[in-house]
Amino acid sequence: MLSSIRNRIIIILLLTAWSVYKLVPTTQHIVTMVDGRPRDTVQTRTPLKLGLDLQGGIHLALEIDDSRGAIPNKADALDRALKIIRTRIDQFGVAEPLVQKEGTDRIIVELPGEKDPARAKQIVEKQAFLEFRITDMQNQFRAALPAMDAALKKAGVTTSSGAQQSEAATPSQVQKLLGADTGKAAKDTAAADTTLQQGGALSSLLYQGAVPGEFLVPQESRLRVDSLIHLPAVTDNMPRGLELLWGNAVQSQGTRAYWPLYAVNQKPIITGDQLADAKATIDQVYNHPIVTFELTRGGGRIFSRETARHIKDYMAIVLDRRVQGTPPIIESEIGRNGQIDLQNSTLQQAQDLALVLRAGALPAPLKIVDERTVGPSLGKDSIADGERAAIIGAVLVVLLVGLYYRRAGLLAILALGFYGLFTLGALASFGATLTLPGLAGFVLSIGMAVDANVLIFERMREELAQGKSARVAVDAGFQHAMPAIVDSNLTTVLTALFLFQFGTGPVKGFAVTLTVGIFASFITAVFITRTFFLIWLQRRNPAKELVI
Amino acid sequence: MRLFDKAHYDFLAVRKTAYVITALLAATGLTFLAVRGVNESIEFTGGTEIQLQTNQPDINTGTLRSALNASGIRGAEIQTFGAPNEFIIRAQVAMAGTDTVSTQQAQAVVDSALTHKLGKDAYTIEGVYAVSPRVGSELRTKAVTAVLLSFGATLIYLWFRFEWRFAVGAILATVHDIIGTVAFISMLHLEISLVVVAAVLTIVGYSLNDTIIVFDRVRENLRKYKRQNLYEVLNLSVNETLPRTVLTAGTTLVATLALLIFGGEVIRGFAWVMTFGIATGTFSSIYIASPVFLWIERRWPGEDARGARALPSPAAATPEAG
């Protein structure tokens with residue numbers, strides 16, 4: 001018996017040491033690439049990772065967006081997108097990011113602790129498809145405008161009142177919401193100064209820009225023009241090989257603001273897959289951020305050949321179907337190096353652009369289907385609340401058990417202490433993430449861990465009441481309580497398994513804590529509590545009454 | 001200290017009253033459910049939910065609403081959340097046919113509407129939840145599957161461990177708890193989120209647990225007291241396990257009450273469901289599971305056949321153990 005007790009104590013000590021070891025924070029060096037340069041940071045490995053709901057951060061689920069055209073090989077595109085997003089996130093420099101595929105058609109990105117979700121979303125979502133296209137040098141689009149106006153008129157679109165216009169343009173649900181004042185904007189335009197051509201539904205909204213193929217649209221007419229240029233009346237009359245693309249920023253001239261619209265060649269002279277490197281800097285002369293890039297050797301050859309053919313033409317730099325800045329004129333043959341001007345951007349935006357260009361373009365546009373952003377202070381409140389509830393709950397449980405069972409209750413409380421330690425240690429060793437529901441699950445499982453002890457103690461009381469000796473009562477108590485404990489634990493584990501299988505994020509956390517908690521409670525109840533009783537029986541006169 | 005020591009209440013005698021209470025609760029809950037419908041969270045319906053904190057005391061839901069109305073966003077649901085300067089805005093821009101583009105845009109639109117009217121520094125966005133309707137309905141399917149499968153698995157487990165009469169009794173008691181909990185949720189008009197579904201599943205586990213422990217004792221006592229009839233054995237078993245039932249319910253309730261009172265706004269719904277569920281789970285394992293088992297045994301007597309035949313008047317029964 002003595003040696004058995006010794007072995008039991010050794011096992012308990014080993015389990016305790018292991019749990020404590022798992023819970024001690026360690027430090028490690030992490031090398032992250034920041035803007036192409038490695039940066040060495042020392043990070044503390046916290047034993048229990050906090051979920052996004054507790055420490056703040058952003059969770060995104062992305063799918064391939066095929067609303068603007070079919071994607072030929074979606075599965076392959078998703079795999080390539082996954083790799084590119086991973087590269088981007090690695091360079092973005094977030095501690096412990098998660099980028100993984102979920103199912104067959106979804107990418108999950110989790111950035112714990114990220115304080116600027118809008119920026120993170122940009123980095124992940126931006127397709128970063130770079131193209132260089134020559135603008136409409138022959139003014140073919142302008143020549144086709146009368147035909148478009150006529151076709152629009154035939155389709156019932158005129159320049160007059162707002163109600164009629166918004167009906168013809170049939171803006172989508174969101175656009176209605178976005179531009180609730182489309183009608184008002186259109187009226188303003190009707191009264192505006194001289195446009196390209198009076199009377200035309202489309203041409204009356206366009207002003208010739210400084211560069212061939214550039215047109216300026218008053219800011220308030222932007223939504224209207226955008227819906228018009230997607231109507232068949234316009235697309236059917238579009239000259240072959242040409243395409244209309246919006247600029248990326250508003251231009252102000254005097255008191256008015258205009259959106260640039262560009263007629264450019266459909267076929268790019270070169271695209272971003274020939275890019276070798278990209279860096280963000282500040283232009284020394286104009287003092288605004290620029291992104292300089294370098295093409296691959298092969299790309300450089302194509303680029304110099306094409307630019308040589310297009311000297312004195314204007315070249316639009318197109319990123320994700322938006323023309324960046326005003327297209328520059330090609331003065332001479334360009335080799336491998338070039339730059340993108342970002343007049344209205346911050347240096348950080350330029351750095352982000354350089355980052356996504358370096359990582360490469362996404363093979364297909366992605367859309368966010370699920371977003372969960374939690375601000376860091378909200379998380380902090382949740383932790384404080386959760387911790388307070390956990391502490392108060394635990395104290396009350398301890399008081400109840402202590403009052404009810406007195407001396408044996410102390411043993412139960414001690415066993416509960418081990419239970420808590422083992423549960424946290426096991427969670428840490430699985431690398432589990434502690435979420436708020438997880439915390440709730442922990443509090444709950446404390447309550448349920450008491451149950452096993454209660455079952456055993458009640459049995460012992462019954463056996464003692466039947467006049468059995470202390471030793472027999474202890475053995476019988478454990479033995480008879482066992483089937484009930486096993487049954488109840490197993491059914492709860494079954495439930496937790498299904499929660500884990502079908503739940504997401506926080507619910508998974510709950511399932512993990514519950515499962516781990518049940519195993520820990522089983523071990524403490526049938527092994528540790530029993531050891532305590534064995535020690536107790538060993539130390540006192542067995543003939544004496546056992547008090548529970 | 002000892003509670004319910006040597007208790008011998010006649011629990012089965014009041015089973016009709018218990019059925020009536022259950023029926024009343026279920027009827028009330030289902031009426032509420034029919035009238036008000038289910039209050040599903042954005043996780044299931046899809047849409048955009050924005051949590052924000054204002055730093056100007058004069059901003060209330062009215063100010064926010066007029067700021068949104070001014071930008072043409074109507075029908076947004078605005079409510080305070082915890083502290084008086086914390087708000088939740090639900091803009092259900094995503095409708096059937098549209099996809100997440102609108103949930104993403106709704107977010108931007110709400111933000112710019114508020115900036116426009118209140119100024120950039122008047123508020124901070126604390127959290128954003130934007131779910132496309134398709135992902136939402138996927139989650140709903142998953143949640144329902146999880147509930148049904150875990151139910152089925154437990155039923156099969158009980159079938160193996162006990163005989164089918166016990167399994168049906170336990171499952172009916174659990175169905176009682178689910179109906180009761182759903183009734184409770186609809187009465188309080190709690191929002192059904194994934195976390196609340198998790199709470200309901202935990203309640204299923206807890207209630208089964210409670211019932212199993214009583215049935216475990218019934219099984220044991222049936223072997224032990226050969227001359228007693230089933231009515232007496234059931235009452236005896238419920239009484240014998242009563243201290244355990246009360247103490248475990250007590251400690252668990254204490255924990256869930258702590259969550260309810262101190263756990264903060266985010267898990268309040270979870271804590272409500274857990275607290276109510278523990279109560280109904282305890283009730284059902286005493287007043288529903290055993291009576292149902294008795295009823296089944298009378299209709300379809302088992303091998304032992306004590307249930308149907310040897311049933312003297314309950315008053316004549318005296319528990320043997322003590």
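The paragraphs below set out a description of the structure included in this document. (Residues numbered from 1 in each chain as written. Chains lettered and ligands numbered in written order. Predicted model: local features only at pLDDT ≥ 70, side-chain atom pairs only at ≥ 80, totals over all residues.)

### Points about the overall build of chain B
- Regarding its fold elements, chain B presents eleven helices and four strands.
- Among the 322 residues that make up chain B, the fraction classed as buried is 50%.
- Long-range contacts, defined here as pairs at least 24 residues apart, represent 78% of the contacts in chain B between residues at least 6 apart. (Helix = DSSP H or I, 4+ residues; strand = E, 2+ residues; numbered from the N terminus. Buried ≥ 20, exposed ≤ 12 C-beta atoms within 10 Å, placed from the backbone. Contact = placed C-beta atoms within 7 Å.)

### Here we look at the overall build of chain A
- Regarding its fold elements, chain A presents 16 helices and 20 strands.
- Residues classed as buried in chain A amount to 46% of the 548 residues present.
- In chain A, the proportion of contacts linking residues at least 24 apart, taken out of those at least 6 apart, comes to 73%.

### Notes on the interface of chain A and chain B
- Taken residue by residue, the interface counts 61 residues in chain A and 66 residues in chain B.
- Secondary structure elements with two or more residues in the side of chain A that touches chain B: helix H7 (173-178), strand E19 (366-374), helix H13 (376-429), helix H14 (436-465), helix H15 (470-502) and helix H16 (505-539) of chain A.
- Considering every element that reaches the side of chain A that touches chain B, the biggest residue donor is H13 of chain A, with 16 residues.
- Class assignment for the residues of the side of chain A that touches chain B results in 37 nonpolar, 14 polar and ten charged.
- Where E19 of chain A meets strand E4 (residues 123-131) of chain B, five bridges bridge the pair, whose relative direction is antiparallel. Bridge pairing in E4 of chain B links Val-374 of chain A to Gly-127 of chain B. (Nonpolar A, V, L, I, M, F, W, Y, C, P; charged D, E, K, R; others polar. Pairing = 2+ DSSP bridges.)

### Brief notes about the pairing of strand E6 (residues 106-112) of chain A
Residue and element names in this part refer to chain A.
- Within E6, five of the seven residues are buried, which leaves it mostly tucked inside the rest of the structure.
- With six bridges joining them, strand E4 (residues 57-64) and E6 adopt antiparallel strand pairing. Counted as the bridge partner of Leu-60 is Val-109 from E6.
- Here strand E5 (residues 98-102) pairs with E6 via five bridges, running antiparallel. Bridging from a neighbouring strand, Lys-101 pairs with Ile-107 of E6.
- A loop of three residues connects E5 with E6, the two strands running antiparallel in sequence, and Gly-103 in this loop sits at a positive phi of about 65°.

### Re the sheet that holds strand E14 (residues 275-282) of chain A
Residues and elements named next belong to chain A.
- Taken in spatial order, the three strands line up as E14-E15-E18 in an open sheet, and their pairing is antiparallel. Both outer strands of the open sheet, E14 and strand E18 (337-341), are each paired with one neighbouring strand and no more. On average, each strand axis in the sheet is inclined to that of its neighbour by 25°, with strand direction left out of account.
- Bridge count between strand E15 (residues 289-295) and E18: five bridges; the pairing is antiparallel. Paired with Ile-290 across the two strands is Asp-341, which belongs to E18.
- Against the sheet, helix H12 (residues 347-359) engages E14 and E15, with an angle of about 175° to E14. (Axes fitted to C-alpha atoms, helices over the stretch in contact; angles between N-to-C directions.)

### Observations regarding the sheet that holds E4 of chain A
- The strand order across the open sheet formed by eight strands is E5(A)-E6(A)-E4(A)-E19(A)-E4(B)-E1(B)-E3(B)-E2(B), and the pairing between neighbours is antiparallel. Looking at which strands have only one partner, the edges of the open sheet turn out to be E5 of chain A together with strand E2 (77-81) of chain B. Looking at each pair of strands side by side, their axes are set apart by 25° on average, direction ignored.
- Relative to strand E3 (residues 83-91) of chain B, strand E1 (residues 47-54) of chain B is paired through six bridges, and the arrangement is antiparallel. Bridging from a neighbouring strand, Thr-48 of chain B pairs with Ala-91 of chain B of E3 of chain B.
- Lying on the sheet, helix H3 (residues 74-92) of chain A is in contact with E4, E5, E6 and E19 of chain A; it crosses E6 of chain A at an angle near 15°.

### Some words on the nonpolar core
- Counting residues in each nonpolar core, the largest one holds 228 residues, and the members touching the most others are Val-291, Leu-357 and Leu-499 of chain A together with Ala-170 and Val-273 of chain B.
- Among the elements that line this core, the one with the most residues is H13 of chain A, at 20 residues.
- When sequence neighbours within four positions are dropped, the list of residues in contact with Ala-170 of chain B reads Leu-158, Leu-208, Thr-211, Ile-212, Phe-215 and Ala-289 of chain B. (Core = buried A, V, L, I, M, F, W, Y, C linked by C-beta atoms within 7 Å.)

### Details of helix H1 (residues 15-36) of chain B
- Counted at 1.5 Å a residue, the expected span for H1 of chain B with its 22 residues is 32 Å, and the 31 Å between its end C-alpha atoms agrees.
- At the exit of H1 of chain B stands Gly-37 of chain B, carrying a positive phi of roughly 75°. (Expected span 1.5 Å × (residues − 1).)

### Notes on the environment of Ala-67 of chain B
Residues and elements named next belong to chain B.
- Here Ala-67 is to be found in helix H3 (residues 61-70).
- Judged by the 21 C-beta atoms lying within 10 Å of it, Ala-67 is buried.
- Considered as a pair, Ala-67 and Lys-117 are 50 residues apart in the sequence and their alpha carbons are 5.6 Å apart.
- Residues in contact with Ala-67, not counting those within four places in the same chain, are Ala-113, Leu-114, Lys-117 and Leu-118.

### A word on the packing of H15 of chain A against helix H7 (residues 194-224) of chain B
- Contact geometry for H15 of chain A and H7 of chain B: axes closest at 9 Å, N-to-C directions at 160°. It follows from the interaxial angle that H15 of chain A and H7 of chain B lie roughly antiparallel. Judged by the sense of rotation from one axis to the other, the crossing of H15 of chain A with H7 of chain B is right-handed. The segment H15 of chain A lies against H7 of chain B, with Pro-483, Ala-484, Asp-487, Ser-488, Thr-491, Thr-492, Thr-495 and Leu-499 of chain A engaging Ala-198, Leu-201, Thr-202, Val-204, Gly-205, Leu-208, Asn-209, Ile-212, Ile-213 and Asp-216 of chain B.
- Classifying every residue of the contact of H15 of chain A with H7 of chain B gives nine nonpolar, seven polar and two charged. (Parallel < 35°, antiparallel > 145°, perpendicular 65-115°, else oblique. Left-handed = near helix turned anticlockwise from the far one by under 90°.)

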